[in-house]
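Coordinate analysis (summary)
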Amino acid sequence: MAKRIIDWIDHRFPLTRFIKHELTGYPTPRNLSYWWNFGFLAGFVLVLQVATGIFLAMHYKADVTLSFDSIQHIMRDVNYGWLLRYLHSTGASAFFLVIYIHMARTLYYGSYRAPRELMWWTGQGLLLLLMATAFMGYLLPWGQMSFWGATVITNLFRATPFIGDQVVIWLRGDYTVGDATLTRFFALHYLFPFLIIGAVLIHLVALHTVRSSNPSGIDLKAKDNIPFHPYFTSKDFYGLGLFLIVYCTFVFFFPDKLIEPANNIPANPMQTPTHIVPEWYFLPFYAILRAVPNMVGGVVAMGLSVMMFAFMPFLDRSRIPGGAHFRPWFRIQFYLFLLDMLVLGYVGYIPPTNNSIVIGQIATLCYFGSFFLLPFISKAEERWLVKRGLPPAVQTLMVSEAEEKSRRKSR
Amino acid sequence: MKKFIAWLALCSLISTAGATETKLEKIQVDTSMAAVERGIDNLMGNCHNCHTLKYVKYHDLLHFGISKSKVDAWRGDQPLDAPMTGLLPDTAAMQSFGKIPPDLSLMANAREGGPSYVYAYLLGYYTTAEGLPGNHIFPETKMPDALGISSATDEAQRAEIKSKARDIVSFLTWAADPHKAERHRLGYYVIGYLLVLTLMMYFVKKKIWSRLE
């Protein structure tokens, strides 16, 4: 019976072929480490955010006089409303954590290198969408930090040449952040996740075209590729269990550690909080914004700091595959960059002092410096490594990649 | 590398400098039923005349376990599902204090330091050299010294006021997050379940991967 149904479907839709091609027969490098779990985890958190978000939207009211109250209604009166809300608010942090680890893995192993540039760029687009979604979602509880955060960030668009003031009004729908802003942010906060789902599909189609990279950086022989299902489904589900333990610890025991106390005060346009801080996942970029004394410069620096990642395929000029695996200089640079991000995050968190401003400026210089120096460092490192002698497998791959490139050029 | 270590050291210096500005005595909130109930008794006597608790409804108190007769006495002729709004009209508040006293429903979560802040604030009153009331924690406050800590001199009286403040904080902590106990209870089950599930997933993964040579 089941076979007949499947036959009936297969006649009209490539179901069996799809499952075979993308799951049970999809070749995946067997040496993937647990760092390759995070793409799947990001997908899981996306579904979780959409699912909890839809139920929250059933009880939430996007109106400046009602939204703060409606959150308290969800927290106190709706059955398990507190659970939905904490799953969602903690989920935002979890999403960024997972995505940042996913990006760090790509950087470390050089997975952005040819032929995976499109994966990296669609990923960059996804990061921007995620940031926009999180930023707009943060306004919805209409607390003090929601209001002032949105005010500060929308104000940055004043840096747009010639039409800055108009752009800010256009974004807010009013002269200040108000009811018009809240309702449009709610509408867009509901829309963007579906754009993200669409972009994720493109990301996955690209993935299944170029296939996963792997820790060695060398294309594995056919026998070293194993089917995605059941090997990587079982591995992903085990990783999911570990992730859920950490996530649920936060949801059930420390959910308010991720919510600023000031956001438990209803938005008050007449009273600025003493210290406006964004959520932790924006802190490094916020520190870069504050490091530049000039507003337009700060905005440009902040925008550029997020977009710098997209240039990695051009900036990294080393022909040695495998990212940090075969490249000691690159590895040191990677860890220093992570450290720099932590310093920036810390500087973004504390109220600005004379010392912290200087530290933030030095850290900002290091941030951009590590990108701009990469072409020279990577080339010098390559020369040094070639002189020292590389493993034969790496040499073969470099030769074959060079041949591939020249063949494509001559065509 | 050395440079980075130097920066980190600098950062930690700054953070310790910042921490001394608001030094709150960190208190352990007593979440027991008895403490919360003593807390609401004190709150109804000392705070509720001016402050609202608009997100707490009278039936929430019943649900928590406060006796029906007590709740009925507090609510008067208001229905059970009415919020605990205050008794002080806004205009009168503006006349006496120049501002409307803040709602207390979320107070235990709405300040840096949480319950410790509220406790320190309630006990932060003193009499200035000019004989005026002052508060160490929140100098701009318009609230009078409701518990009378600034005029209490003998130790027994001060201890009593301190325990009153502790109980009020216990109640406010409950009021700010009434599902906390339930959340923790459920949390232990969820984490326990996930530990078992994850362990099983680990063995499933191991079993499947053992097929590879």
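Residues numbered from 1 in each chain as written. Chains lettered and ligands numbered in written order. Predicted model: local features only at pLDDT ≥ 70, side-chain atom pairs only at ≥ 80, totals over all residues.

1. Notes on the overall build of chain B
- In terms of helices and strands, chain B carries eight helices and four strands.
- When the helices and strands of chain B are placed in sequence order, the string is α-α-β-α-α-β-α-α-β-β-α-α.
- For chain B, buried positions account for 26% of its 213 residues.
- Counted over contacts in chain B with a minimum sequence separation of 6, partners at least 24 positions apart contribute 70%. (Helix = DSSP H or I, 4+ residues; strand = E, 2+ residues; numbered from the N terminus. Buried ≥ 20, exposed ≤ 12 C-beta atoms within 10 Å, placed from the backbone. Contact = placed C-beta atoms within 7 Å.)

2. Some remarks on the overall build of chain A
- Scanning chain A from N- to C-terminus turns up 17 helices and two strands.
- Relative to the compact-globule value of 22 Å for 411 residues, chain A shows a C-alpha radius of gyration of 24 Å, a close match.
- Reported as C-alpha extents along the three principal axes, the dimensions of chain A are approximately 70 × 70 × 40 Å.
- For chain A, the residues scored as buried account for 35% of the 411 residues in total.
- A separation threshold of at least 6 residues defines the contact pool for chain A, and within that pool the share at least 24 residues apart is 78%. (Rg over C-alpha atoms; globule rule 2.2 N^0.38 Å.)

3. Focus on helix α15 (residues 354-372) of chain A
All names here are of chain A.
- With 19 residues, α15 extends 27 Å from end C-alpha to end C-alpha; this agrees with the ideal 27 Å at 1.5 Å per step.
- Within α15, the full set of buried residues consists of Ser 356, Ile 359, Gly 360, Ala 363, Thr 364, Cys 366 and Tyr 367. On an axial view of α15, the arc spanned by its buried residues comes to 160°, and they lie on one face. (Expected span 1.5 Å × (residues − 1). Arc of directions from axis to C-beta.)

4. Brief notes about the interface of chain B and chain A
- Contact with chain B, which involves 33 residues of that partner, is made by 32 residues of chain A.
- Secondary structure elements with two or more residues in the side of chain B that touches chain A: α1 (2-19) and α8 (180-209) of chain B.
- The element contributing the most residues to the side of chain B that touches chain A is α8(B), with 16 residues.
- In terms of residue class, the side of chain B that touches chain A is built from 21 nonpolar, eight polar and four charged. (Nonpolar A, V, L, I, M, F, W, Y, C, P; charged D, E, K, R; others polar.)

5. Focus: unusual backbone geometry
All names here are of chain A.
- Following Ala 114, the chain continues to Pro 115 via a peptide bond in cis, the omega torsion being 5°.
- Along the chain, Pro 115 turns up in the loop between α5 (81-108) and α6 (117-139).
- Residue His 229 is joined to Pro 230 through a cis peptide bond whose omega torsion reads 10°.
- At Trp 142, a residue that is not glycine, the phi angle is positive and equals roughly 55°.
- For Trp 142, the location among the structural elements is in the loop between α6 and α7 (144-155).
- If you check the backbone angles, Arg 211 has positive phi at about 70° while not being a glycine.
- Of note, Arg 211 is situated in the loop between α9 (179-210) and β2 (225-227).

6. Thoughts on the confidence of the model for chain A
- Chain-level statistics for chain A give a pLDDT mean of 94 and a share of 100% at 70 or above.
- Averaged pLDDT values for the elements of chain A fall to 85 in helix α17 (residues 392-410) of chain A and rise to 98 in helix α3 (residues 38-57) of chain A. (pLDDT = per-residue confidence, 0-100.)

7. Some points on the domain arrangement of chain B
- We note that the domain assignment places domain 1 (24-178) and domain 2 (179-213) within chain B.
- Put simply, the middle of domain 1 of chain B and the middle of domain 2 of chain B, counted by C-alpha atoms, are 42 Å apart. (Domains from an automatic or database assignment.)

8. As for the packing of helix α2 (residues 33-46) of chain B against helix α7 (residues 155-176) of chain B
Residues and elements named next belong to chain B.
- Their axes nearest at 7 Å, the elements α2 and α7 cross at an angle of 105°. By the criterion of interaxial angle, the relationship of α2 to α7 is roughly perpendicular. Between α2, through Ala 35, Val 36, Arg 38, Gly 39, Ile 40, Asn 42 and Leu 43, and α7, the contact on the second element is made entirely by Lys 164, Asp 167, Ile 168, Ser 170, Phe 171 and Trp 174. (Axes fitted to C-alpha atoms, helices over the stretch in contact; angles between N-to-C directions. Parallel < 35°, antiparallel > 145°, perpendicular 65-115°, else oblique.)

9. Side note on the nonpolar core
- Among the nonpolar cores identified, the biggest contains 80 residues, and Val118(B) and Leu172(B) are the most heavily contacted of them.
- The greatest single-element share of this core, amounting to 10 residues, is contributed by α5(A).
- Beyond its immediate stretch of four places on either side in the chain, Leu172(B) contacts Leu104(B), Met107(B), Ala108(B) and Val118(B).
- Core analysis: the second largest hydrophobic core is formed by 18 residues, Ala287(A), Ile288(A), Leu289(A) and Ala291(A) among them. (Core = buried A, V, L, I, M, F, W, Y, C linked by C-beta atoms within 7 Å.)

10. Section: the environment of Ala176(B)
Residue and element names in this part refer to chain B.
- In this fold, Ala 176 is placed in helix α7.
- Between the alpha carbons of Ala 176 and Leu 53 there is a distance of 9.7 Å; along the sequence they are 123 residues apart.
- Not counting residues within four places of it along the chain, the set of residues in contact with Ala 176 comprises Ser 105, Leu 106, Met 107, Ala 108 and Asn 109.

11. Concerning α9(A)
Residues and elements named next belong to chain A.
- Over its 32 residues, α9 runs 46 Å from end to end, which matches the ideal 46 Å to within 8%, given 1.5 Å per residue.
- Considered for burial, the residues of α9 that qualify are Thr 181, Leu 182, Phe 185, Phe 186, His 189, Ile 196 and His 203.
- The inward-facing, buried residues of α9 contact α3, α4 (67-76), α6, α7 and α8 (164-172).
- Of the residues trailing α9, Arg 211 is marked for its positive phi of about 70°.

12. Notes on the domain arrangement of chain A
Residue and element names in this part refer to chain A.
- Annotation of chain A at the domain level lists domain 1 (34-217 + 225-276) and domain 2 (279-402).
- Distance between the C-alpha centres of domain 1 and domain 2: 24 Å.
- The interface is formed by 22 residues belonging to domain 1 together with 20 residues belonging to domain 2.
- Listing elements by their share of the side of domain 1 that touches domain 2, those giving two or more residues are α5 and α6.
- Of the residues forming the side of domain 1 that touches domain 2, the biggest block, six residues, is contributed by α5.
- Taken together, the residues of the side of domain 1 that touches domain 2 sort by class into 14 nonpolar, six polar and two charged.

13. Looking at the environment of Glu140(B)
- Within the secondary structure, Glu140(B) is located in the loop between β4 (133-135) and α7.
- Between the alpha carbons of Glu140(B) and Glu182(B) there is a distance of 37 Å; along the sequence they are 42 residues apart.

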